[in-house]
Amino acid sequence: MGALMHQNDPDLVRELLMDPGIWVVVGLSNNQQRPAWGVSQWLTYELGKPIIPVHPKAETVHGATGYASLADIPDQDLKVVDCFVNSSHVGAVVDEAIVHKDRLQIDAVWMQLGVVDQAAAQRARAAGLDVVMDTCPKIEWPKVRSDGMQR
């Protein structure tokens, strides 16, 4: 029997978007042409989420201090590691999140729209991380918001 394909859980998506916790945005630099820049700006200014940029340049973005890697982030409680990296690179980011899960109290890994790695998703789940894959918080937010209003 083949591995189960990952399905995003709408309740998990809602919980992550509603939680006030910190989002690490991997692949975020000051390049305004990149989707990471616009989505992180939206997370910061529309949803009021604290963010931590992670990019080899370790730039400050939207007023938030950047780091070159998850390993460089000082001990704290993080909610989501949001991966704006190519699918071929996301496995390494997920593995780094697993290594630092307890130190940084990471709850979930979110792979952006078009970022898919079934094996990495399985490793993350096996390590106790929640996983959202192949979607964008900006796309999910209107569904979460309208769903919340119906309850």
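See the structure shown above.
Now for a description of the structure that goes with this document. (Residues numbered from 1 in each chain as written. Predicted model: local features only at pLDDT ≥ 70, side-chain atom pairs only at ≥ 80, totals over all residues. Heavy atoms only, no water.)

**Some thoughts on the overall build of the protein**
Counting its secondary structure elements, the protein contains 6 helices and 5 strands. Seen in sequence order, the protein has helices and strands lined up from the N terminus as α-β-α-β-β-α-α-β-α-β-α. Relative to a compact globule of 151 residues, whose C-alpha radius of gyration would be 15 Å, the protein shows 14 Å and is just as compact. Its C-alpha atoms give the protein principal-axis dimensions of roughly 40 × 35 × 30 Å. Within the protein, buried positions represent 48% of all 151 residues. Looking at the protein alone, contacts between residues at least 24 apart form 66% of all its contacts between residues at least 6 apart. Accessible area for the protein stands at about 7600 Å²; split by element, carbon and sulfur atoms hold 51% of it. Each charge sign in the protein was given a centre, from 13 positive and 19 negative side chains, and these centres are 4 Å apart. (Helix = DSSP H or I, 4+ residues; strand = E, 2+ residues; numbered from the N terminus. Rg over C-alpha atoms; globule rule 2.2 N^0.38 Å. Buried < 20%, exposed > 50% of the residue type's maximum accessible area, 1.4 Å probe, protein only. Contact = heavy atoms within 4.5 Å. Areas by Shrake-Rupley, 256 points an atom, 1.4 Å probe, with all protein chains shown as cover. Lys, Arg positive; Asp, Glu negative; His and termini not counted. Charge placed at Lys NZ, Arg CZ, Asp CG, Glu CD.)

**Re the nonpolar core**
With 26 residues, the main nonpolar core has V24, I73, L78, V81 and M111 as its most contacted residues. The element best represented in this core is helix α3 (residues 87-99), accounting for 4 residues. Beyond its immediate sequence surroundings of up to four residues, V81 is in contact with V24, V26, L70, V93, A97, I106, A108, V109 and W110. Counting 23 residues, the second largest nonpolar core, distinct from the first, contains V13, L17, A108 and V132. (Core = buried A, V, L, I, M, F, W, Y, C linked by side-chain atoms within 4.5 Å.)

**Describing the pattern of salt bridges**
In total, this model carries 8 salt bridges according to the counting rule given. The partner of D19 in a salt bridge is K79, with the nearest N and O atoms 3.3 Å apart. Placement of D19 in the loop between α1 (10-18) and β1 (22-26) and of K79 in strand β3 (residues 78-83) is noted, with a sequence separation of 60 residues between them. For D19, a relative accessible area of 22% corresponds to the partly exposed category. K79 gets classed as buried once you look at its relative accessible area, which sits at 8%. In this structure, D95 engages R123 in a salt bridge whose closest nitrogen and oxygen atoms are separated by 2.7 Å. With D95 in helix α3 and R123 in helix α5 (residues 118-126), the pair connects residues that are 28 residues apart, well separated along the chain. Classification of R123 as partly exposed rests on a relative accessible area of 34%. By sharing partners, the salt bridges in this structure join E15, D19, K79 and D107 into a single network. (Salt bridge = Lys/Arg side-chain N within 4 Å of Asp/Glu carboxyl O.)

**Description of the pairing of strand β2 (residues 51-54)**
Side-chain alternation along β2 places I51 and P53 on one buried face and I52 and V54 on a second face that is also buried. Sheet topology note: the β1/β2 ladder contains 4 bridges and is parallel. Paired with V24 across the two strands is I52, which belongs to β2. In the classification by handedness, the crossover that spans β1, the intervening helix α2 (residues 35-45) and the parallel β2 is right-handed. (Pairing = 2+ DSSP bridges. Right-handed = clockwise from strand over helix to strand, strands pointing away.)

**Points about the side chain of H100**
Take H100: it is sitting in the loop between α3 and α4 (101-104). With a relative accessible area of 13%, H100 lands in the buried category. Looking at H100, its side chain comes within polar contact range of the side chain of R103, at 3.3 Å. The residues contacting H100, other than those within four sequence positions of it, are L70, A71, Q105 and I106. (Polar contact = N/O pair within 3.5 Å; in protein donor to acceptor, adjacent residues only side chain to side chain.)

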